[in-house]
Amino acid sequence: MSTPLSSAPRPAQILVIDDEPDLRTLYELTLLREGYRVEAAGSVSEAWQHLEATRFDAVITDMRLPDGQGMEIIHRIQKNQRSERCVVMTAYGSAENAVEALKAGAFDYLTKPVDLKQFRAVVASAVQATRAPVVQVIKAEKAAAASITSERAEAAPVTGSSGIAALDRLVGESDPMRLVKSRIAKVARGMAPVLVRGESGTGKELVARAVHACSQRSDGPFVAVNCGAIPENLLEAEFFGAKKGSYTGSSQDRDGYFQAARSGTLFLDEIGDLPLAMQSKLLRAIQERSVRSIGSTQEEAVDVRIVSATHKDLHAEVQAGRFRQDLFYRLNVIEIAVPALRDRREDLPALCAALLARIAQDGGLPVPHLSAELLRRLALHPLDGNVRELENLLHRAVALNDGDELHLDLMGGNVATTMAAADVASMTPAQLALGNDAPPPAVVAPAPVTEFKPTPPPLPSDLQAYLDQQEREILVRALHESGFNRTAAAARLGMSLRQIRYRIARLGITTPNGDDGASSSHADD
């Protein structure tokens, strides 16, 4: 039997609300055996009498009650700013009710008939969340004079230093980024699914990691899956696992992503790329909180929080019939919109400094000087690829650097952008900070140009080092976009698994499992 209260000064107090006496008794006995103090109610009015008299650690309520809905209790708890975490119980298949409750502020939900093992786990999580040291989230002030320390406090996570570190990796103190950080700190406290939406290269996975780090699940695993990088015939085995002998070459039992993420967070990146057939299976796993491995006759409960991300317009995908509407509403309980880099250009100086420091550390080099001229040129560049494009530009600049200051190679952009850079010296610091909203400098209409001959970039002083750097960037990008599945990355680049392993080892690329690519790993499967 678990002992969730061994370090607590008093047993946690639970209020159970259900109008069926037999079920109410079953829940009471189950919780009493776990060491909790339990009170019970059979209606909304009776429940509120208990709540007015006592502070509880958690409230478990049925959705339908004789004199009202369980939602009324959730709303009143939220309105009165009480600390109780609410868990709702809803009839089988009533996904809409569960989503509505989570949006209203419920910590979690259970589907009837309730599995008692899952019941105990959810209650323990709710109690832990209530009793964890909570730093209250204050709405971010937009005053420019606010200090960095106070801004961090406004977006402070509920789990301390790991959450602060994760939020710090979201570089930028612009208004859009403050809103993102504040949103993360608020939504991290519950179990509601989160959908992270934003263009490619904006840092959606960093946001997902911050949600995990700021939650009470931060000690559990964070498992990231790129849904578009897994061959369709392997999706079910990758997500749910497989038993020995269930398919050719299956020599032992194998866990899937859901099992690997137990007690943690499962991050489904590029969820919009998931085939329709797999969407229905994913929906059932999320609703039932259980999975069945290929070759197994038994389902097993899985305790995971789902965070997903996409660069697509899922509303349009639903309308086009490419994405299930019920799965969309299941995943999109809470949405975090990550701004494009063009909408927060005032963060460019801090972003460049952070990226250059990381690039220099990875290459064992001193941090290059970040000049005002370089920042001005970047401010005029479209940066349609967002932070990922900015990182690639800085990688290239460091690789080609042969002096004290970096020089950007922007010749890959369009002619208009390149010609506009010639006027960049006339921009004021205020215009740089305003980005797209800054009024352009006065420009005299040029004489007709019959021929434009761009100056070619300087020749590299070390061709092999330059080529190695380009190859490294391509491999790192392919690995990242495939969720560090080397087989999938190799297929995208037209290589064999052996070839990509050789290149990873030669270029010293470190993968998340800590090896240098020279040995086989589960990620190759």
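That block above? That's the structure.
Residues numbered from 1 in each chain as written. Predicted model: local features only at pLDDT ≥ 70, side-chain atom pairs only at ≥ 80, totals over all residues. Heavy atoms only, no water.

Caption draft 1: Representation of the packing of helix α15 (residues 348-363) against helix α16 (residues 372-380) within the structure. Running from N to C, α15 and α16 point in directions that differ by 115 degrees, and their axes come no closer than 11 Å. Classified by the angle their axes make, α15 and α16 are roughly perpendicular. Crossing of α15 against α16: the hand is right-handed. Residue-level inspection shows L348, P349 and C352 of α15 in contact with α16, the latter providing L375, L378 and A379. (Axes fitted to C-alpha atoms, helices over the stretch in contact; angles between N-to-C directions. Helix = DSSP H or I, 4+ residues; strand = E, 2+ residues; numbered from the N terminus. Parallel < 35°, antiparallel > 145°, perpendicular 65-115°, else oblique. Left-handed = near helix turned anticlockwise from the far one by under 90°. Contact = heavy atoms within 4.5 Å.)

Caption draft 2: Here's a closer look at the nonpolar core. I17, L51, I73, I74, I184, V207 and I336 are the most contacted members of the largest nonpolar core, which totals 49 residues. Residue contacts for I17: discarding those within four places in its chain leaves A41, S43, A47, V59, I60, T61, D62, L65, I73 and M89. (Core = buried A, V, L, I, M, F, W, Y, C linked by side-chain atoms within 4.5 Å. Buried < 20%, exposed > 50% of the residue type's maximum accessible area, 1.4 Å probe, protein only.)

Caption draft 3: A look at the pairing of strand β2 (residues 37-41). Summarising the sheet, strand β1 (residues 13-17) and β2 pair through 5 bridges and their orientation is parallel. Looking at the pairing, I17 lines up with A41 of β2. Taken together, β1, helix α1 (residues 21-33) and β2 constitute a β-α-β crossover, and its handedness is right-handed. (Pairing = 2+ DSSP bridges. Right-handed = clockwise from strand over helix to strand, strands pointing away.)

Caption draft 4: Focus on the sheet that holds strand β13 (residues 304-310). Spatially, 5 strands are ordered β9-β10-β13-β8-β14 in an open sheet, and the strand pairing comes out parallel. Edge strands, defined here as strands with exactly one partner in the open sheet, are β9 (222-226) and β14 (334-337). Neighbour to neighbour, the strand axes of the sheet diverge by 20 degrees on average, direction disregarded. The pairing of β9 with strand β10 (residues 264-269) spans 5 bridges and is parallel.

Caption draft 5: Just the pattern of salt bridges, in detail. Scanning the model with the defined rule gives 25 salt bridges in all. Here E34 and R120 are joined by a salt bridge, their closest N and O atoms 4.0 Å apart. Placement of E34 in the loop between α1 and β2 and of R120 in helix α5 (residues 116-131) is noted, with a sequence separation of 86 residues between them. Assessed through its relative accessible area of 10%, E34 is described here as buried. (Salt bridge = Lys/Arg side-chain N within 4 Å of Asp/Glu carboxyl O.)

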